[in-house]
Amino acid sequence: MDSAPTKIAYFDDMWLLQSTAKLVSQIQTEDGRQALILDSTIFYPQGGGQPSDTGFISDGGGNFKFFVEDVRMKDGIVFHYGKFDASETFTTNLQKGQEFNLYVDELKLNLHSRLHSAGHLLDICMQNVGLAHLGPGKGYHFSDGPFVEYKGTIPQNEVQSKQEELEREANALISEGVKVSAAVLPYEQASEMCGGSLPSYISKDSIPRIVKFGNYPGCPCGGTHVGDVAEIRSIKQCFKSQFSQDSHAMDPEKLGEGIASGFPGPDLTRPNPKSPGLNSQIQPMGRV
Ligand SMILES: [Zn+2]
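Conventions adopted
Residue positions are given per chain, counting from 1 as you read along its sequence in written order. Reporting of local features is limited, given that this is a predicted model, to residues whose pLDDT is at least 70; pairs of side-chain atoms are given and counted only at 80 or more, and all residues count toward the totals for whole chains, interfaces and linings. By the criteria applied, helices consist of DSSP H or I runs no shorter than four residues and strands consist of E runs no shorter than two, each listed in order from the N terminus. Any residue with 12 or fewer other C-beta atoms within 10 Å of its own C-beta is exposed, any with 20 or more is buried, and the rest are partly exposed; the C-beta atoms used are placed from the backbone. Note: two strands are recorded as paired if DSSP finds a minimum of 2 bridges between them. Placing a C-beta atom from the backbone of each residue, one calls two residues in contact when those atoms lie within 7 Å. We call a set of buried Ala, Val, Leu, Ile, Met, Phe, Trp, Tyr and Cys residues a nonpolar core when their C-beta atoms link them within 7 Å. Note on method: axes are straight lines fitted to C-alpha atoms, helices fitted across the in-contact stretch only, with angles between N-to-C directions ranging 0 to 180 degrees. In this analysis, the expected span of each helix is defined as 1.5 Å times one less than the number of residues it contains. Here the angle decides the label: under 35 degrees means roughly parallel, over 145 means roughly antiparallel, 65 to 115 means roughly perpendicular, and every other value means oblique. For any pair of crossing helices, the crossing counts as left-handed if the nearer helix is rotated counterclockwise from the farther one by less than a right angle, and right-handed if it is rotated clockwise. Per-residue confidence from the predictor is reported as pLDDT, a score between 0 and 100.

(A) Up close: the overall build of the protein chain. Looking only at helices and strands, one finds 3 helices and 15 strands in the protein chain. Expressed as a percentage of its 288 residues, the buried residues of the protein chain come to 36%.

Here it is, written out as structure tokens:
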């Protein structure tokens, strides 16, 4: 198998819904699925708390549609997992170098982008309402109960007011609109864009991708985002403490409700069963 990394075309344009790419290899997986590896892709591979894109790949000649159900990246190579819906004359022996058309599901891309951007927006709002001392942990941007974990303490009697303040701040920024940009930059420049330093998990030899909301400091992130936070539409926050009363700690849990007008929204009253808790190993939000 060709070991050259897949070109991540959405780094150049996060909102591309169609592209072309050449086949590198076709794999039959042990669980009976097929995987296509292409020289470039606009499909987002699951990671960084964001689910993968779905969609389909076709040859343009009407011989097949390959429905992409899941996308993963391993060692820089993107695997498009799915199934063929093929014509009678179709043979699954595809030729290396054959050019295919890629189509990403627009509704899912938009929803995932909004949920991911909402996570970053929450982080900005935490700074703006004086909760910068609560370090961000794991981000989960799936539609079944998105959240961002924060680690730290605030007085118990401030939890309610801080929740309201956060919600107001987030919705004010959504109303105002703030442009979102993303760029792959040399380490030093990336560091400057992020307020002078980068997290230790970013290698100094790397050229990280930095996502920036307006003039707020950027952060390394490989995900897809809205072009303007106005597209998030609204945010409803829900705080969920996973500490005992004594510790006066909290875990704000963001549920993307209102986020969802026009989309199937999660149940706002349901605690998130996937939240691993603040004592578990957590990774910084928005990591590459
Ligand atoms: Zn991110």
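(B) Quick peek at the pairing of strand β12 (residues 209-213). Counting buried positions along β12 gives 4 out of 5 residues, so the element sits mostly inside the fold. One ladder, built from 5 bridges, connects strand β11 (residues 180-184) with β12; its direction is antiparallel. Looking at β12, one finds that A183 is bridged to I210. Relative to strand β13 (residues 219-220), β12 runs antiparallel, the two being bridged by 2 bridges. Bridge pairing links I210 to P220 in β13.

(C) Highlighting the environment of H141. Along the chain, H141 turns up in the loop between β9 (135-140) and β10 (147-151). What makes H141 buried here is the crowd of 27 C-beta atoms within 10 Å. Those residues in contact with H141, other than ones at most four positions away along the chain, are G49, Q50, H112, L115, H116, G119 and P146.

(D) Seen up close, the sheet that holds β11. Here 3 strands make up an open sheet; going across it, the order is β11-β12-β13 and the pairing antiparallel. A strand with exactly one partner marks an edge of an open sheet, and here the two such strands are β11 and β13.

(E) Just the nonpolar core, in detail. Ranked by size, the top nonpolar core spans 53 residues in total, and within it F43, L121, A170 and V229 carry the most contacts. Counting residues per element, this core draws most heavily on helix α1 (residues 106-128), which supplies 8 residues.

(F) Quick look at the sheet that holds strand β6 (residues 64-74). The strand order around the closed barrel formed by 6 strands is β2-β3-β7-β6-β5-β8, and the pairing between neighbours is antiparallel. Within the sheet, the average angular offset between the axes of one strand and its neighbour, ignoring direction, is 45 degrees.

(G) Focus on α1. Helix length check: α1 (23 residues) gives 32 Å between terminal C-alpha atoms against 33 Å at 1.5 Å per residue, within 8%. Immediately downstream of α1, the backbone of G130 shows phi near 80 degrees, a positive value.

(H) Here's a closer look at the pairing of β6. Of the strand pairs in this sheet, strand β5 (residues 55-58) and β6 are connected by 4 bridges, and their pairing is antiparallel. Bridge pairing in β6 places S58 opposite K65. The loop that links β5 with its antiparallel partner β6 comprises 5 residues; one of these, G60, has a positive phi angle of about 85 degrees. With 10 bridges joining them, β6 and strand β7 (residues 77-86) adopt antiparallel strand pairing.

(I) Focus on the packing of α1 against helix α2 (residues 159-176). Close contact between α1 and α2 brings their axes to 9 Å; oriented N to C, the two are set at 120 degrees. The angle between α1 and α2 falls in the class oblique. Taken as a pair, α1 and α2 cross one another with a handedness that is right-handed. Together, L121, L122, C125 and N128 of α1 and L166, E169, A170 and L173 of α2 make up the contact between the two elements.

(J) Geometry of the environment of I154. Locating I154 in the fold gives a position in the loop between β10 and α2. Owing to 19 C-beta atoms within 10 Å, I154 belongs among the partly exposed residues under this scheme. When the C-alpha atoms of I154 and H133 are compared, they prove to be 9.3 Å apart, with 21 residues separating the residues in sequence.

(K) Examining unusual backbone geometry more closely. Its identity as a non-glycine residue notwithstanding, D75 has a phi of 50 degrees, on the positive side. Topologically, D75 is positioned in the loop between β6 and β7. With 6 C-beta atoms packed within 10 Å, D75 lands in the exposed category. A positive phi angle, close to 80 degrees, is found at R233, a residue other than glycine.

(L) Representation of the confidence of the model for the protein chain within the structure. Taken over all residues, the pLDDT of the protein chain has a mean of 82, while the share at 70 or more is 83%. In the model, residues 244-288 has pLDDT below 50 throughout and makes 113 contacts with residues more than four positions away in sequence or in other chains.

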